[in-house]
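Coordinates in review
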Amino acid sequence: AQSVAQPEDQVNVAEGNPLTVKCTYSVSGNPYLFWYVQYPNRGLQFLLKYITGDNLVKGSYGFEAEFNKSQTSFHLKKPSALVSDSALYFCAVRAHTGRRALTFGSGTRLQVQP
Amino acid sequence: GAGVSQSPSNKVTEKGKDVELRCDPISGHTALYWYRQSLGQGLEFLIYFQGNSAPDKSGLPSDRFSAERTGGSVSTLTIQRTQQEDSAVYLCASSVSGTTNYEQYFGPGTRLTVT
C-alpha cells in the first residue's frame, strides 16, 4: 500500500519570507511524486513532479521541491512567498508499477500574511 | 485549449435518489480518473479508465457507485440511492496516458450535497 503524510494542517508565513510545505511518502519501489495546488472553489492545478534524475525539481510560479530518498520526503519550497500563494497544497505519490491512480496527502493550507 | 470540464457544478439531492455526474476530459487524453474530496480530507481515488482496458474499480466505496466511459471520451459517475455520507466534491482528472508518468489534469469538480 502507498501513503502520503502532510504533517502540518496549516503553514503561516509572512510575505517575502521563504516557505516550506512538508511531505513524506511510503511506496513500494521507486516513486513518482507530485505537488498540486487548490484555490477556493477551483480544481487542483499541477505544480511540479519528480520522476527521476535531479533531486531538485522546479515547477510553476517559482515553486520547487526536493526529493530525498533516504528520508522518503518531497518537501515543497519557495524562496519568497507571495500573498497570492495562499491556497491548499496537496502532495501525491504513485509507484512506477501497479495502481495508476495517485494517492494524495490530506493537504496543507498555506496562509501568507502581507 | 479546453481543460477538463464537469457538470453540474453543484447538485443537491434528497437521500435515496440517484445522481449522475459528467466528466469531459481533455481531447486526446486516454486516461480518466474519478476522485472524491470530502470536507477536511484529502482526495480519495474512486475509479480509473485507460483506453479500452477494463477499468480499475478498486476505489469505489460501495456497489451503489458505478461509472462508465463511452467512446473513450466522456465519463459518467452514477451514485444510486444516495446517502448523506456521499456528500463531497467529486473530481475528474485526465492524463495523456495512465501507463506513464504524465501528470493528471483536474476539472473544477461537482459539489454533491445529499439532504
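Scroll up to find the structure this text is about.
Quick caveat, the model's predicted, so the values are computed rather than measured.

All names here are of chain B. Within the open sheet, the four strands sit side by side as 1-3-7-6. Their pairing is antiparallel. Strand pairing shows two members of the sheet lacking a second neighbour, strand 1 (5–7) and strand 6 (65–69), which therefore form its edges. For this sheet, the mean angle separating the axes of adjacent strands, direction not counted, is 15 degrees. Bridge analysis of strand 3 (residues 19–24) against strand 7 (residues 75–79) gives five bridges, and the strand direction is antiparallel. When the bridges of strand 7 are listed, cysteine 23 appears paired with serine 75.

Residue and element names in this part refer to chain B. Position of histidine 29 among the secondary structure elements: in the loop between strand 3 and strand 4 (31–37). In this structure the C-alpha to C-alpha distance between histidine 29 and leucine 43, which are 14 residues apart in sequence, comes to 21 Å. With residues up to four places along the chain from it excluded, the contact list for histidine 29 reads Arg69, Gly72, Ser94, Ser95, Val96 and Tyr105.

A separate point is the state of the cysteines. Residue and element names in this part refer to chain A. The full count for this structure, using the stated rule, is two disulfides over all chains. Two residues, cysteine 23 and cysteine 91, share a disulfide whose sulfurs are 2.0 Å apart. Here the S-S torsion is close to -60 degrees, and the disulfide linking cysteine 23 with cysteine 91 is therefore left-handed. In this pair, cysteine 23 sits in the loop between strand 3 (19–21) and strand 4 (24–26) while cysteine 91 sits in strand 10 (residues 87–95), placing the two residues 68 residues apart along the sequence. For cysteine 91, a relative accessible area of 0% translates into the label buried.

Counting residues at the interface gives 22 residues for chain B, matched by 21 residues for chain A. Summed over the shared surface of chain B and chain A, the number is one salt bridge. Of the charged contacts in the structure, one is a salt bridge between lysine 49 of chain A and glutamate 103 of chain B, with a shortest N-O distance of 2.8 Å. Linking chain B with chain A are four residue pairs in polar contact (both at pLDDT 80 or more), by the criterion used here. Mapped onto the side of chain B that touches chain A, the elements with two or more residues apiece are strand 4 and strand 5 (43–50) of chain B.

Reading guide: rules and limits
- Here the residue index of a chain counts from 1 through its sequence in written order.
- Naming scheme: in the order in which they are written, chains are lettered from A and ligands are numbered from 1.
- Local features in this predicted model are restricted to residues whose pLDDT is 70 or higher, and side-chain atom pairs enter the listing and the counts only when it is 80 or higher, whereas totals over whole chains, interfaces and linings include all residues.
- Excluding hydrogens and water, the side-chain values take into account all heavy atoms of the structure.
- A pair of strands is treated as paired once DSSP finds two or more bridges between them.
- Counting from the N terminus, the helices are DSSP H or I runs at least four residues long and the strands are E runs at least two residues long.
- For helices, the axis comes from a line fit to the C-alpha atoms of the stretch in contact; other axes are also lines fit to C-alpha atoms, and the angle between any two N-to-C directions lies between 0 and 180 degrees.
- It only takes one pair of heavy atoms within 4.5 Å for two residues to be counted as in contact.
- Cysteine sulfur atoms that pair up within 2.5 Å are treated as a disulfide.
- Only protein chains enter the accessibility calculation, which uses a 1.4 Å probe. A residue is then buried if its area is under 20% of the maximum for its type, exposed if over 50%, and partly exposed in between.
- Put simply, a salt bridge is a Lys or Arg side-chain nitrogen that is within 4 Å of an Asp or Glu carboxyl oxygen.
- Nitrogen and oxygen atoms within 3.5 Å of one another constitute a polar contact, given that in protein one can donate a hydrogen and the other can accept it, and given that sequence-neighbouring residues count only through two side-chain atoms.

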